[in-house]
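In case you want the letters, here they are:
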Amino acid sequence: MAELIVKYEDKIVERVVVEKQRISVGRTNDNDIVLENRGVSRRHCTIEFNEQGAIVIDNESLNGTFVNNRRVNEESLRDQDSIAVGKYTLVFHVKESEPQSDADHAFDGTMILSTKKQKEIVEGDKRDRETVRRAGGSALIGEQNTEFKDYSLDHDITTIGKAKFTHIKARGFWVSGIQAKIVREGAVYSIVNVGRKGQARLNGEAVTSSLLRNGDIIEVGNTSFRFVEDKR
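Asks: I would appreciate a short explanation of the nonpolar core in the present structure.
Replies: One broad rule of soluble globular proteins: the nonpolar side chains tend to lie buried together. The biggest cluster of nonpolar side chains holds 26 residues, and the ones touching the most others in it are Leu4, Leu35, Ile47, Tyr88 and Leu90. Breaking this core down by element, the ones donating at least two residues are β1 (2-8), β2 (11-18), β3 (22-26), β5 (45-50), β6 (53-58), β10 (82-85) and β11 (88-94). For this core, the leading source of residues is β1, giving four residues. Not counting chain neighbours up to four residues away, the residues in contact with Leu4 comprise Glu14, Arg15, Val16, Val18, Ile23, Ile33, Ile47, Leu90, Val91 and Phe92. Counting residues in hydrophobic clusters, the runner-up holds 19 residues, among them Leu140, Ala180, Ile182 and Val207.

See below:
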């Protein structure tokens, strides 16, 4: 039994368990795996399965099909191979056979992607790109108890706290005048706690100093933000 782990820019969209001999991948709804992205052709590629293994076949797509970062026309697949289709990545995984229930057979061998989840991820990605465009670079998006919707990180040091002179205001009784700093070094951003211990958190954990990654949640007192990285 084979499985395809479908990712959109490193975010897992769905796990597709495959038992059919042939599945199609493309942008239109008549494909077995539908990938909504302009870089994906209508019928982008086909994956065929037999007793010897699996083969991915590019259907003369406009932007090409890539296996482990190498453009291919036809390529045999091995466990953990990565297939790039537009902004999507399909990770091929060989699973040991397991007994199937009647419910499993109801999918006719293929677990179809949740297009709702896929659309939510794509729309969220579009909103993040728009935030980066407005900010002119990496930014913080206000999640809870913030004065503004988003904040540009256009200073080498951006301060967060209760003091009037801070760049970004944070709420909370125990929040210091300057509670935290976002430090920019080239294209790399870090958060540094400079106020009371435990009042600056990164992804739910108290932080002293840490590099920031795209999507990280920063909490300062009762105020929270999401870090959006400029990937342009």
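Asks: I'm lost on the packing of aromatic side chains in this one. Help?
Replies: Given two aromatic rings, one states the distance between the centres and the angle between the planes to describe the pair. Under the defined criterion, the tally for this structure stands at six aromatic pairs. Between Phe148 and Tyr151 the ring centres are 5.9 Å apart and the planes differ by 75 degrees, which places this aromatic pair in the edge-to-face class. Members of the aromatic cluster, connected to one another through ring pairs, are Phe148, Tyr151 and Phe225.

Asks: I'm lost on the pattern of salt bridges in this one. Help?
Replies: Opposite charge on two side chains permits them to pair, given that their charged atoms come into close proximity. Here the structure, examined in full by the defined rule, presents twelve salt bridges. A salt bridge links Lys20 to Asp32, with the shortest nitrogen-to-oxygen separation between them at 3.0 Å. One end of the pair, Lys20, is in the loop between β2 and β3; the other, Asp32, is in the loop between β3 and β4 (33-34), with twelve residues separating them in the sequence. In this structure, Glu48 and Arg22 form a salt bridge, with 3.2 Å as the shortest nitrogen-oxygen distance. Taken together, the residues span a long stretch of sequence, with Glu48 in strand β5 and Arg22 in strand β3 at a distance of 26 residues. Overall, Glu48 belongs to the partly exposed group, its relative accessible area being 26%.

Asks: Hey, could you run me through the sheet that holds β5 in this one?
Replies: Pairing between sheet strands relies on hydrogen bonds along the backbone, with the strands arranged either parallel or antiparallel. Taken in spatial order, the five strands make up an open sheet running β4-β3-β5-β6-β9, and their pairing is mixed. Looking at the sheet topology across the chains shown, the edges are occupied by β4 and β9 (74-77). The sheet contact formed by β6 and β9 spans four bridges and is antiparallel. Within β9, the position partnered with Ile55 by the bridge is Ser76.

Asks: Before we go on, may I ask you to explain the confidence of the model for the protein in this structure?
Replies: Detailed reading of predicted coordinates is not advised where the pLDDT is low. Across the protein, pLDDT averages 86, with 88% of residues at or above 70. When mean pLDDT is compared element by element in the protein, strand β14 (residues 157-161) scores highest at 97, while helix α1 (residues 102-105) scores lowest at 44.

Asks: When you look at the environment of Arg134 in this model, what are you seeing that I'm missing?
Replies: As for its placement among the helices and strands, Arg134 is situated in helix α2 (residues 115-135). For Arg134 and Tyr151, which are 17 residues apart along the polypeptide, the C-alpha to C-alpha distance reads 9.6 Å. Leave out the neighbours within four places in its chain, and Arg134 touches Lys149 and Asp150.

Asks: I keep staring at unusual backbone geometry and nothing clicks. Help me out?
Replies: Across the chain, the bulk of peptide bonds are trans and the bulk of non-glycine residues have phi less than zero. Even without glycine at this site, Asn68 takes up a positive phi of about 55 degrees. Residue placement: Asn68 occurs in the loop between β7 (65-67) and β8 (70-72). A relative accessible area of 39% means that Asn68 is categorised as partly exposed.

Asks: What am I meant to see in the environment of Ser82 here?
Replies: Among the secondary structure elements, Ser82 is positioned in strand β10. Judged by relative accessible area, Ser82 falls into the partly exposed class, the value being 25%. Along the primary structure Ser82 and Arg70 are separated by twelve residues, whereas in three dimensions their C-alpha atoms are 9.9 Å apart.

Asks: Would you mind showing me how to read the pairing of strand β12 (residues 139-144) here?
Replies: As a general feature of sheets, a regular strand has side chains that alternate between the two faces. In this sheet, strand β13 (residues 150-152) lies alongside β12 in antiparallel orientation, the contact comprising three bridges. Directly across from Ala139, in β13, lies its bridge partner Ser152. As paired elements, β12 and strand β22 (residues 223-228) share five bridges and run antiparallel to each other. Paired with Gly142 across the bridge in β22 is Phe225.

Asks: Is there a simple way to explain the side chain of Ser138 in this structure?
Replies: Mapped onto the fold, Ser138 is located in the loop between α2 and β12. Of the residues examined, Ser138 reaches a relative accessible area of 4% and is grouped as buried. Looking at Ser138, its side chain comes within polar contact range of the main-chain nitrogen of Asp230, at 2.9 Å. For Ser138, the residues in contact, after removing those within four places along its chain, are Ser152, Leu153, Tyr189, Phe227, Val228, Glu229 and Asp230.

Cut-offs used in this document
Residues numbered from 1 in each chain as written. Predicted model: local features only at pLDDT ≥ 70, side-chain atom pairs only at ≥ 80, totals over all residues. Heavy atoms only, no water. Core = buried A, V, L, I, M, F, W, Y, C linked by side-chain atoms within 4.5 Å. Buried < 20%, exposed > 50% of the residue type's maximum accessible area, 1.4 Å probe, protein only. Helix = DSSP H or I, 4+ residues; strand = E, 2+ residues; numbered from the N terminus. Contact = heavy atoms within 4.5 Å. Phe/Tyr/Trp six-rings, centres within 6.5 Å; stacked < 30°, edge-to-face > 60°. Salt bridge = Lys/Arg side-chain N within 4 Å of Asp/Glu carboxyl O. Pairing = 2+ DSSP bridges. pLDDT = per-residue confidence, 0-100. Polar contact = N/O pair within 3.5 Å; in protein donor to acceptor, adjacent residues only side chain to side chain.

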